[in-house]
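Single-letter residue listing:
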Amino acid sequence: MKELVEVIAKELVDNPDEVVVTEKTEGRTIVIELHVAASDMGKVIGKQGRIAKSIRSVVKAAASRDKKNVDVEIV
């Protein structure tokens, strides 16, 4: 899942070198944190959070195949 978020984020931003994705497990849930440059934050979130919702939907669909709970946080 970490790699999926990283690929998506790097395609969206102007500074792909500053994209950092970390993954940690909290109980039965995997939390994926996405860190981007401040200037790219709007591109990752999108108008009214549409792009962020889309990223979360894609990751949740991929995780459901493996029967895992995944949360994506944009930091």
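Residues numbered from 1 in each chain as written. Predicted model: local features only at pLDDT ≥ 70, side-chain atom pairs only at ≥ 80, totals over all residues. Heavy atoms only, no water.

Chemist: Sorry if this is basic, but what is going on with the sheet that holds strand 1 (residues 20-26) here?
Modeler: Two modes of strand pairing occur in sheets, parallel and antiparallel, and in both the strands are linked by backbone hydrogen bonds. With respect to topology, three strands assemble into an open sheet ordered 1-2-3, the strand pairing being mixed. The sheet is open, and its two borders are formed by strand 1 and strand 3 (69-74), each paired with just one other strand. Between one strand and the next, the sheet's axes are offset by a mean angle of 20°, whatever the strand orientation. Bridge count for strand 2 (residues 29-35) against strand 3 is six bridges, and the pairing is parallel. (Pairing = 2+ DSSP bridges. Helix = DSSP H or I, 4+ residues; strand = E, 2+ residues; numbered from the N terminus. Axes fitted to C-alpha atoms, helices over the stretch in contact; angles between N-to-C directions.)

Chemist: What is the right way to read the pattern of salt bridges from this model?
Modeler: Two side chains that carry opposite charge are able to pair once their charged atoms sit near each other. The full count for this structure, using the stated rule, is four salt bridges. Across the pair D14 and K43 runs a salt bridge whose closest N-O atoms are separated by 2.2 Å. Of this pair, D14 sits in the loop between helix 1 (2-12) and strand 1 while K43 sits in helix 2 (residues 41-45); the two residues are 29 residues apart in sequence, bridging distant segments of the chain. A relative accessible area of 33% means that K43 is categorised as partly exposed. (Salt bridge = Lys/Arg side-chain N within 4 Å of Asp/Glu carboxyl O. Buried < 20%, exposed > 50% of the residue type's maximum accessible area, 1.4 Å probe, protein only.)

Chemist: I would appreciate a short explanation of helix 3 (residues 50-65) in the present structure.
Modeler: Along an α-helix, residues three or four positions apart point the same way, because every turn accommodates 3.6 residues. Here helix 3 contains 16 residues, and its C-alpha end-to-end distance of 23 Å stays within 8% of the 22 Å for a straight helix at 1.5 Å per residue. On its buried side, helix 3 packs onto helix 1, strand 2, helix 2 and strand 3. K67 sits one or two residues past helix 3 and shows a positive phi near 55°. (Expected span 1.5 Å × (residues − 1). Contact = heavy atoms within 4.5 Å.)

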